[in-house]
Amino acid sequence: MSNLADSAEAAANGQAVILRGRAALPPEDAAVDDDFDVGAVEARGYWEGVWLRLRRDKLALAGGVFIVLLFVTAFAGAPLASHFLGHGPNEPFLVSGGLDADQLPAGPWTHVGKLTENGELEQQLFVLGSDSTLARDEFLRLLYGAQVSLEVGVGATLLSLLLGSIAGAAAGFYRGWADTTISRLVDLTMAFPYLLFVITLAGTLGTRLNHVTFGFLGEGVVTLVLVFGLLGWFYSARVMRSVALSIREKEFIEAARMVGASNRRIIRSHVFPHLVGPLIVLATLNVAAFILAEAGLSFLGLGIQLPTASWGNLLADAPQYYTSRPLLMVWPGVALLLTTLAFNLLGDGLRDAFDPRGSR
């Protein structure tokens, strides 16, 4: 009982000392001390922290805004522009003003005639002039070409990331023979020149799958998605393998094993959620790379075939008029430049937002 009494007395004395110390503080310091006593620090979630870091990167935000506007313009603006202009992107105007007196493509903001059912010529506006082959509307072909380029870029990215994430996660988590087999397959794929493989496979498939559109894709898009997706999965597989190798040694993975969770459930519930950040970063960078690859193949005549418009075949037709109509090379070139720059800026910003330590 005496020990309890002594402890109570010491506690009372300590509390009295604290109260005397706070009473001796200036009023403003005492107020600050009160704020520390009653204030609560609100914890930030993972995605909230990512957004706060991304919001500080103005270039990444500008790239994201441009990408959103590009998708809206390509998939919503192109049909609206075709409706209000009164003609489609593949409609030729060879004999009604689409070519000038020297048989050169019409310049920007030119009015051409369209023969109606009544036999009259209805004036049509060509905002960016006509293209270099059949005097078609360059503005509409640029918009519809954006659709094709984005479809190829997004489709090939989804396919390559799907294959790469599954293979990489399995290799990094299971190790052993699965890791050895997948890693040697990745090494074998990377040993061959990527561009040569793409050209060979695209030339072998040819136009066999061009009419497979699923009702909403452009002709030839499925072919390029398969070519790029099947030959571009190895880089994402290596990234996902390295992430899975580090995750499998974490404490929460060991805890899941201790409670009897199966490997499939651990991969689905614990490994894959931690791959979302790297997957988003890889997706933005891969879309830009695949858009450039599509433009390159179409420029060589192995990608999107005419009359379907793409930025690559618009560039392929333009050099024959580079002295008389240089703007025919400028429009698709600037579109490619701005699009790839926007995706790369967004990808760099997301990488720094998901891994702030890597940007220091």
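Residues numbered from 1 in each chain as written. Predicted model: local features only at pLDDT ≥ 70, side-chain atom pairs only at ≥ 80, totals over all residues. Heavy atoms only, no water.

K.L.:
Give a detailed account of helix 6 (residues 176-191), specifying residues and quantitative values.
P.N.:
In an α-helix, one turn spans 3.6 residues; hence positions three or four apart end up facing the same way. Here helix 6 is 16 residues long and its end C-alpha atoms lie 23 Å apart, about the 22 Å a rise of 1.5 Å per residue gives. Listed as buried for helix 6 are Ala-178, Asp-179, Ile-182, Ser-183, Val-186 and Thr-189. Angular distribution of buried residues about the axis of helix 6 spans 125°; they occupy a single face of the element. For helix 6, exposure combined with an orientation more than 90 degrees from the buried face picks out Trp-177 and Ala-191. Contacts made by the buried residues of helix 6 are with helix 5 (138-174) and helix 9 (234-247). (Helix = DSSP H or I, 4+ residues; strand = E, 2+ residues; numbered from the N terminus. Expected span 1.5 Å × (residues − 1). Buried < 20%, exposed > 50% of the residue type's maximum accessible area, 1.4 Å probe, protein only. Arc of directions from axis to C-beta. Contact = heavy atoms within 4.5 Å.)

K.L.:
Describe the confidence of the model for the chain, listing the residues and the values that go with them.
P.N.:
Across the chain, the average pLDDT comes to 82, with 84% of residues at or above 70. Element-level pLDDT for the chain is lowest in helix 1 (residues 2-24), with a mean of 45, against a maximum mean of 94 in helix 4 (residues 58-85). Ignoring residues within four places in sequence, the model shows residues 1-25, a span with pLDDT below 50, making five contacts including any to other chains. Across residues 27-38 the pLDDT falls below 50, and counting only partners more than four positions away or on other chains, this stretch makes five contacts in the model. (pLDDT = per-residue confidence, 0-100.)

K.L.:
Lay out the nonpolar core with the relevant residues and their values.
P.N.:
Residues Leu-150, Ile-291, Trp-311, Leu-336, Phe-343 and Leu-350 are the most contacted members of the largest nonpolar core, which totals 26 residues. Those elements that place two or more of their residues in this core are helix 3 (46-55), helix 4, helix 5, helix 12 (276-299), helix 13 (311-317) and helix 14 (327-354). Counting residues per element, this core draws most heavily on helix 14, which supplies eight residues. Discounting chain neighbours no more than four positions away, the residues touching Leu-336 are Ile-291, Leu-292, Ala-295, Trp-311 and Leu-315. Membership of the second largest hydrophobic core comes to 15 residues, among which are Leu-161, Phe-173, Ile-247 and Ala-256. (Core = buried A, V, L, I, M, F, W, Y, C linked by side-chain atoms within 4.5 Å.)

K.L.:
Explain unusual backbone geometry residue by residue, including any values.
P.N.:
Of the consecutive residues Leu-306 and Pro-307, the connecting peptide bond is found in the cis state with omega at 10°. Following the sequence through the fold, Pro-307 ends up in the loop between helix 12 and helix 13. For Arg-175, which is not glycine, the phi dihedral falls at a positive 55°. Residue Arg-175 is classed as partly exposed on the basis of its relative accessible area, which comes to 35%.

K.L.:
Pulling in residues and values, what's your account of the packing of helix 4 against helix 14?
P.N.:
Helix 14 packs onto helix 4 with a crossing angle of 135° between their chain directions and a minimal axis gap of 7 Å. One finds that helix 4 runs oblique with respect to helix 14. The handedness of the crossing between helix 4 and helix 14 is left-handed. Across from Leu-59, Ala-60, Gly-63, Gly-64, Phe-66, Ile-67, Leu-70 and Phe-71 in helix 4, the residues of helix 14 making contact are Leu-338, Thr-339, Ala-342, Phe-343, Leu-345, Leu-346 and Gly-349. Residue classes in the contact of helix 4 with helix 14 are distributed as eleven nonpolar, four polar and no charged. (Axes fitted to C-alpha atoms, helices over the stretch in contact; angles between N-to-C directions. Parallel < 35°, antiparallel > 145°, perpendicular 65-115°, else oblique. Left-handed = near helix turned anticlockwise from the far one by under 90°. Nonpolar A, V, L, I, M, F, W, Y, C, P; charged D, E, K, R; others polar.)

K.L.:
Provide a residue-level description of the environment of Ala-244, including the pertinent values.
P.N.:
Mapped onto the elements of the fold, Ala-244 is located in helix 9. Classification of Ala-244 as buried rests on a relative accessible area of 2%. Ala-244 sits 23 residues away from Ile-267 along the chain, and the two C-alpha atoms are 9.2 Å apart. Excluding residues that lie within four positions of it along the chain, Ala-244 makes contacts with Gly-168, Ala-169, Gly-172, Phe-173 and Val-271.

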